[in-house]
Amino acid sequence: TGVTQKNGDGCICHNLTPTPSVFVRIEGPATLQRGQTAQYTVKLSGGTAVKGGFNVAALLGDLSVSGAGVREENGELTHTSPQNFVDTVVSWTFNFTALDSVYTDTIYSAGNSVNGDGIPSNLDTWNFGAKFPITVQDVVPVELTSFSASFVKNAVNLKWATATELNNKGFYIERSNLKNSNEWQTVSFVNGNGTTTETKQYSFSDRTPLQGLSYYRLKQVD
């Protein structure tokens, strides 16, 4: 550990300089909610490609072990022992837990592709991985998947759907005849479904629409 671009110069006990033919990448969600934990994978390819090792470090969040062949040391993660390449790739999984705040975090990585003779030398190759940014957002109370309007028989029919809801009291329906305006009028209120992970469908018919072009929006209330 201690060899990523967060706080080190790479795997210099094997080779003083990184090798461009070694590729290290992080795979996993780029957006998390406050305090959320998600699984990530670090993949290593290229170089000598007999055995491989890795190191990952987080700028602010917490890293933890979630897969085989991984151990924690000084708040960072590394391999327990060099792993054999399979089909030109070797990989490890781990968990990252975001802080309970809104911010941008970064996962740093480095990978070492070695010849397996057990002797650190310039015959072994390594490289840094690209910095992996993670955007940490507030908890979203409602995941809105669609919102549409149609004009039928002198009425505006609104339809919308949610994928998940958390403590959702409901939706105020607001309208205006100006798109960029602070003059929004509350037309009605539609009850929500509280907390649910099932898709929910909603609808409302505005039977006294404004003259001319109108705009509609939803104001969700916990």
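Scroll up to find the structure this text is about.
Residues numbered from 1 in each chain as written. Predicted model: local features only at pLDDT ≥ 70, side-chain atom pairs only at ≥ 80, totals over all residues. Heavy atoms only, no water.

**Brief notes about unusual backbone geometry**
The following threshold applies: Under the DSSP-based scheme used, a helix requires at least four consecutive residues in state H or I and a strand at least two consecutive residues in state E, with every element numbered from the N terminus.
Phi angles above zero are rare outside glycine, and Asn74 is one such case at about 55 degrees. Here Asn74 shows up in the loop between β6 (70–73) and β7 (76–79). Phi at Asn167 is positive, roughly 55 degrees, even though this residue is not glycine. Along the chain, the position of Asn167 falls in strand β14 (residues 155–176).

**Brief notes about a nonpolar patch on the surface**
Convention followed: Exposure above 30% relative accessible area and the absence of a salt bridge qualify a residue for a patch, where like charges join within 9 Å and nonpolar side chains (Val, Leu, Ile, Met, Phe, Trp, Tyr) within 5 Å. Using the Shrake-Rupley algorithm and a 1.4 Å probe, accessible areas are obtained, with residue cover drawn only from the displayed protein chains. Here, a salt bridge means any Lys or Arg side-chain nitrogen found within 4 Å of an Asp or Glu carboxyl oxygen.
A contiguous nonpolar surface patch, about 230 Å² in accessible area, is contributed by Leu59, Leu60 and Leu99. Position of Leu99 relative to the elements: it lies in the loop between β9 (89–97) and β10 (103–114).

**Quick notes on the nonpolar core**
Heads up, the condition is: Here the nonpolar core consists of buried residues drawn from Ala, Val, Leu, Ile, Met, Phe, Trp, Tyr and Cys, with membership extended through side-chain atoms lying within 4.5 Å. Residue exposure (1.4 Å probe, protein chains only): buried if accessible area is under 20% of the type maximum, exposed if over 50%, otherwise partly exposed.
Counting 25 residues, the largest nonpolar core has Tyr40, Val56, Phe94, Phe96 and Ile107 as its most contacted members. Broken down by secondary-structure element, the contributors of at least two residues to this core are β1 (22–27), β3 (37–46), β4 (51–58), β9, β10 and β12 (132–137). Val142, Leu158, Trp160 and Val190 belong to the second-largest nonpolar core, a separate cluster that totals ten residues.

**Notes on the environment of Pro120**
To keep things clear, this is the line we draw: The contact criterion used throughout is that any non-hydrogen atoms of two residues lie within 4.5 Å.
Inspection of the secondary structure assignment puts Pro120 in the loop between β10 and β11 (125–128). Sequence spacing of Pro120 and Thr164 is 44 residues, and the spatial spacing of their C-alpha atoms is 52 Å. Sequence-distant contacts of Pro120, that is, excluding residues within four places in its chain, are made with Cys13 and His14.

**So, the layout of surface pockets**
Convention followed: Every definition here rests on a 1 Å grid over the protein atoms only: cavities are sets of points where a 1.4 Å probe fits but cannot get out, pockets are open sets enclosed by protein on both sides within 12 Å along at least five of seven lines, and lining residues have some atom within 4 Å of a point. Grid points are joined across faces, edges and corners, and a volume is the space filled by probe spheres set on the points.
Its volume calculated, the largest pocket comes out at about 350 Å³. For the largest pocket, the lining is made up of 26 residues, of which Cys13, His14, His79, Asn112 and Val114 are closest to its centre. Elements that contribute at least two residues to the lining of the largest pocket include exactly β4, β7 and β10. A total of five residues in the lining of the largest pocket trace back to one element, the largest contributor, which is β4.

**Some details on the pattern of salt bridges**
For the structure shown, the criterion picks out eight salt bridges. Glu27 is the partner of Lys43 in a salt bridge, and the nearest nitrogen-oxygen pair spans 3.4 Å. Of this pair, Lys43 sits in strand β3 while Glu27 sits in strand β1, and the two are 16 residues apart along the sequence. With relative accessibility at 32%, the residue Glu27 sits in the partly exposed group.

That's the geometry; what it means functionally is another story.
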